[in-house]
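If you want the building blocks of each chain, they are given just below.
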Amino acid sequence: MQFQLPLIYPYSYELTTKRLRTFEKTSFVADGDKLSRTMHGSCGPLLCTVGPLVGEKALQVEIEGNLAEGEAEEIKRKVARMFSTQVDLTPFYEQMREHPALAPVIAEREGLHFVLEPSLYECVVKTIIGQQLNVSFAATLIQRFQELAGSKAVFRGREWVLFPTPEQVARLEYEELQALQFNRRKAEYIIDFSRKVVNGELSLDALWSLSDEEVLHTLLPIRGVGRWTVECVLLFGLGRPDLLPAADIGLRNALKRVYGLDQQPGEEEVRQWGESWAPYRSYVTFYLWDSLDNVK
């Protein structure tokens, strides 16, 4: 199946997909300007390939694999949500022109959009794995985790690994993850979380209809899930536009540099500044995080 997804401009495919090519935790494989990754479909594994449609304000998408009757529209909606194709950032850019220190940072990244994980389960598990780890080692653990628990499929003459389902992970023993260099607690967090999803104690689909605060109240009681984890899920799983992770060290470092401060601003100070960024605090955060890459 092939289809096009119209884009609301300003939209920069190059900027939006930059992290997918360089960020080690991504599940995408780059081939020129195209990006491919596996996803779970109703009838089995799917391979999704996305690229820019030359001369058009649209993405070209190809889905390989067997689709159930009526599933095509659901897949289109999922890929559109993943790549934020219908998010109009024009009001955000207009608002941020009134902020002299931030305006250049925002303008340099015009067209940069979030790319979301295809499922909330994948987002939560990847975030738990990445807790208190450097990016490189987190990527290594994610790869080992997928190889251990995920199913495999052949597309284009090569083998692809799918991100494990909750059912596949729920069947694991803690020691199996420990053998991959997961510490005991993190192994318990991931497997116990998966078992909650499988046995119906937690409905991830229900999170879509909840407010940010309700999502926090739902996920925070889960062992191994802290505020930072939930904020990452709100950002990169649910795509919420007005989230401010004020305690995040990266965000505070970026603000220190942008505002020319002698020391990191405190959490309360960040929240006060953030009042004038609403309702686009997620995007300010995302753009400031991206600005740290330039420093590195």
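Because the structure is predicted, anything quoted here is derived from the model rather than measured.

Undergrad: Got a minute to help me understand the sheet that holds strand β2 (residues 29-31) in this structure?
TA: Across the sheet, which stays open at both edges, the five strands sit in the order β1-β5-β4-β3-β2 with antiparallel pairing between neighbours. Edge positions in the sheet fall to β1 (2-6) and β2, since each of these pairs with one other strand and no more. Recorded for the sheet is a direction-independent mean angle of 30 degrees between the axes of neighbouring strands. The strands that helix α2 (residues 71-82) touches are β1, β3 (34-41), β4 (44-52) and β5 (58-64); relative to β3, the one it contacts most, it runs at about 130 degrees.

Undergrad: Mind showing me how you'd approach the environment of arginine 185 here?
TA: If you trace the backbone, arginine 185 turns up in helix α9 (residues 184-198). Classification of arginine 185 by relative accessible area gives exposed; the value is 54%. For the pair formed by arginine 185 and leucine 15, sequence separation is 170 residues and the distance between their alpha carbons is 36 Å.

Undergrad: Would you mind going over the pattern of salt bridges with me for this structure?
TA: When charged atoms on two side chains of opposite charge get close, those side chains can pair. In the structure shown here, the tally under the stated rule is 20 salt bridges. Between aspartate 290 and lysine 18 there is a salt bridge, with the nearest N and O atoms lying 3.0 Å from each other. Remark: lysine 18 occurs in helix α1 (residues 13-22) and aspartate 290 occurs in helix α14 (residues 281-295); sequence separation between them is 272 residues. Among the charged side chains, a salt-bridge network with shared partners connects Glu175, Arg184, Glu188, Asp192 and Arg223.

Undergrad: I keep staring at the UniProt feature "domain: HhH-GPD" (unreviewed entry) in the protein and nothing clicks. Help me out?
TA: Mapped onto the present numbering, the UniProt feature "domain: HhH-GPD" (unreviewed entry) falls at residues 129-293. Taken end to end, residues 129-293 has its terminal C-alpha atoms 22 Å apart, with 55% of it in helix and 5% in strand.

Undergrad: How do you make sense of the packing of aromatic side chains when you look at a structure like this?
TA: When we look at a pair of aromatic rings, we describe it by the centre distance and by the angle of the planes. The tally for this structure, following the rule as stated, stands at 17 aromatic pairs. Between tyrosine 121 and phenylalanine 193, the ring centres sit 5.8 Å apart and the planes meet at 5 degrees, which makes this aromatic pair stacked. Of the two residues, tyrosine 121 is situated in helix α5 (residues 120-130) and phenylalanine 193 in helix α9; the sequence distance between them amounts to 72 residues. Here tyrosine 121 matches phenylalanine 193 in class, with each residue buried.

Undergrad: Is there a simple way to explain the packing of α5 against helix α11 (residues 227-236) in this structure?
TA: In a packed pair of helices, the relevant descriptors are the angle between the two axes and the axis-to-axis distance. Packing of α5 against α11 leaves a shortest axis separation of 9 Å and a crossing angle of 140 degrees. Comparing their axes, α11 and α5 come out oblique. α5 and α11 meet at a crossing whose hand is right-handed. Across from Cys123, Val124, Thr127 and Ile128 in α5, the residues of α11 making contact are Trp228, Thr229, Cys232, Val233 and Phe236. Along the lines of polarity and charge, the residues of the contact of α5 with α11 split into seven nonpolar, two polar and no charged.

Thresholds, definitions, all that
All residue numbers refer to position in the chain's written sequence, counted from 1. It should be noted that, the model being predicted, local features are given only for residues of pLDDT at least 70 and side-chain atom pairs only at 80 or more, the latter also being counted only at that level, while totals for whole chains, interfaces and linings use all residues. Computation of side-chain values: all heavy atoms of the structure, hydrogens and water removed. Only strands joined by at least two bridges in the DSSP assignment are considered to pair. Only runs of H or I of at least four residues qualify as helices and only runs of E of at least two qualify as strands under DSSP, and these elements are numbered from the N terminus. Angles here are taken between N-to-C directions and fall from 0 to 180 degrees, while the axes themselves are lines fitted to C-alpha atoms, restricted in helices to the stretch in contact. Residue contacts are counted whenever heavy atoms from the two residues lie within 4.5 Å of one another. Think of it in three bands: residues with accessible area under 20% of the maximum for their type are buried, residues over 50% are exposed, and the middle band is partly exposed, with areas taken using a 1.4 Å probe on protein chains only. Whenever Lys or Arg places a side-chain nitrogen within 4 Å of a carboxyl oxygen from Asp or Glu, that contact is recorded as a salt bridge. UniProt positions are given in the numbering used here, feature names are shortened, and annotations may be inferred rather than shown by experiment. Two aromatic rings, drawn from Phe, Tyr or Trp (for Trp, its six-membered ring), form a pair once their centres lie within 6.5 Å of each other, and the interplanar angle then sorts them: stacked below 30 degrees, edge-to-face above 60, tilted otherwise. Any angle between 65 and 115 degrees counts as roughly perpendicular, while under 35 counts as roughly parallel, over 145 as roughly antiparallel, and the rest as oblique. Here a crossing is called left-handed whenever its near helix is offset anticlockwise from the far helix by less than a right angle, and right-handed whenever the offset is clockwise. For this classification, Asp, Glu, Lys and Arg are treated as charged, while Ala, Val, Leu, Ile, Met, Phe, Trp, Tyr, Cys and Pro are nonpolar and the rest, including Gly, are polar.

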